[in-house]
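Chain residues, written in single-letter form:
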Amino acid sequence: MSKHYIALAGNPNTGKSTLFNTLTGLRQHTGNWTGKTVLKAEGEYEHNGQTYVIVDLPGTYSLHSNSADEEVARDYILFENPEVTVVVLDATAMERNLNLALQVMEMTNKVVVCVNLMDEAQKKGIIVDEKKLAEVLGVPVVKISARNKTGLNKLLDTVEQMAAGNIPTKPYQIVYSKDIEEKIAALEPEVRELFGDAYPARWVALRLLDGDQSFLEALQQHHNQPKTKEVLVNGVSFSQ
Ligand SMILES: Nc1nc2c(ncn2[C@@H]2O[C@H](COP(=O)(O)OP(=O)(O)OP(=O)(O)O)[C@@H](O)[C@H]2O)c(=O)[nH]1
Ligand SMILES: [Mg+2]
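From a predicted model like this one, the values you see are computed outputs, not experimental measurements.

Visitor: Honestly, the nonpolar core in this entry has me stumped. Any pointers?
Guide: In this structure, Leu57, Leu89, Val113, Val115, Leu133, Leu137 and Val204 are the most contacted members of the largest nonpolar core, which totals 50 residues. At eight residues, the largest contribution of residues to this core is made by helix α3 (residues 94-107). The two domains that each donate at least three residues to this core are domain 1 (4-163) and domain 2 (178-239). In contact with Leu57, not counting residues within four places along its chain, are Ala7, Leu8, Ala9, Lys16, Trp33, Ala73, Tyr76 and Ile77. Ranked by size, the runner-up nonpolar core spans 23 residues in total, among them Leu23, Val142, Ala146 and Val159.

Visitor: How should the domain arrangement of the protein chain be read in this particular structure?
Guide: Accessible area lost when the parts come together is the quantity often used to give the size of an interface. Each assigned domain of the protein chain is listed with its residue range as follows: domain 1 (4-163) and domain 2 (178-239). Using C-alpha coordinates to define each centre, domain 1 is positioned 27 Å away from domain 2. If you look at the interface, domain 1 gives 11 residues, while domain 2 gives 11 residues. Taking both sides of the interface into account, the surface hidden between domain 1 and domain 2 amounts to around 960 Å²; carbon and sulfur atoms contribute 63%. Looking at the side of domain 1 facing domain 2, the largest losses of area belong to Leu78, Phe79 and Glu106, adding up to 53% of the total buried there. Viewed at the interface, domain 2 and domain 1 are joined by two residue pairs in polar contact (both at pLDDT 80 or more).

Visitor: Can you help me understand empty space enclosed by the protein in this one?
Guide: Here the idea is plain: a probe the size of a water molecule rolls over the atoms and shows the empty space left. With the rule as written, the count across this model stands at one cavity of 30 Å³ or more. Roughly 30 Å³ of internal volume is contained in the largest cavity. Lining the largest cavity are Ile6, Leu8, Leu19, Leu23, Tyr45, Ile54, Val86, Leu155, Leu156 and Val159. When residues of the lining of the largest cavity are traced back to their parent elements, those giving at least two are β1 (4-10), α1 (16-24) and α6 (152-163). Looking at the lining of the largest cavity element by element, the count peaks at three residues for α6.

About the criteria used
Residues numbered from 1 in each chain as written. Chains lettered and ligands numbered in written order. Predicted model: local features only at pLDDT ≥ 70, side-chain atom pairs only at ≥ 80, totals over all residues. Heavy atoms only, no water. Core = buried A, V, L, I, M, F, W, Y, C linked by side-chain atoms within 4.5 Å. Buried < 20%, exposed > 50% of the residue type's maximum accessible area, 1.4 Å probe, protein only. Helix = DSSP H or I, 4+ residues; strand = E, 2+ residues; numbered from the N terminus. Domains from an automatic or database assignment. Contact = heavy atoms within 4.5 Å. Buried area = accessible area lost by both parts, 1.4 Å probe. Polar contact = N/O pair within 3.5 Å; in protein donor to acceptor, adjacent residues only side chain to side chain. 1 Å grid on protein atoms, 1.4 Å probe; cavity = no way out; pocket = protein on both sides within 12 Å on 5 of 7 lines; lining within 4 Å. Points joined across faces, edges and corners; volume = space filled by probe spheres on them.

The following block contains the structure:
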């Protein structure tokens, strides 16, 4: 039976590794990401008779090119295309944490938002309305406490259903200023023509507008098919 590939993303200190360790136990191994001195933890768990390979991505505040950690997390979501990306949030710092969730939701529609540290939130009198949040975000939201092992079954059921393609999502998309939206609208078709559906066109267009050179290099490297035709997008050449 084939395995399912799942990624754990989130800000630092949101309990990703606690969740990862709880799910995988001893079925995990660590090493470095290729070409980086960033720790890679990968493991497996079973749920309802299926095997899931889960990757504990480095904790980051964004997915641009500010650090090796961010590049690793970004490249995994973009190039390895996991069947589900679980974004782990700290229930006691939702506003800050949602920022990364929105960034992931610009890159993929296969997102489950996992609100962790619910035990801590309860102590502080913080209430998280997961139904409302799921409605607004357009992706499933599951509340857990990784430390107390509550909500895990619901999380794994949701991951299972999403991997099976049974949960249609409509991730909330940030709308930028008119200026930027016009530029995105001009670039997006070119990106789509060049890459098809291989990468999220709107997100790539945004990176091109950012002038994110490090990302463009990663994209060029990843997209290393035999060069038959050179195409210029925003001054950067790609083979087609
Ligand atoms: N109260 C409470 N604490 C938790 C929970 N989950 C994790 N923690 C604690 O939060 C701290 C950070 O947990 P980690 O699992 O290391 O967080 P992380 O997201 O892997 O952090 P980075 O690897 O730095 O990104 C640890 O002290 C955990 O014990 C939870 O559900 N409730
Ligand atoms: Mg960790």
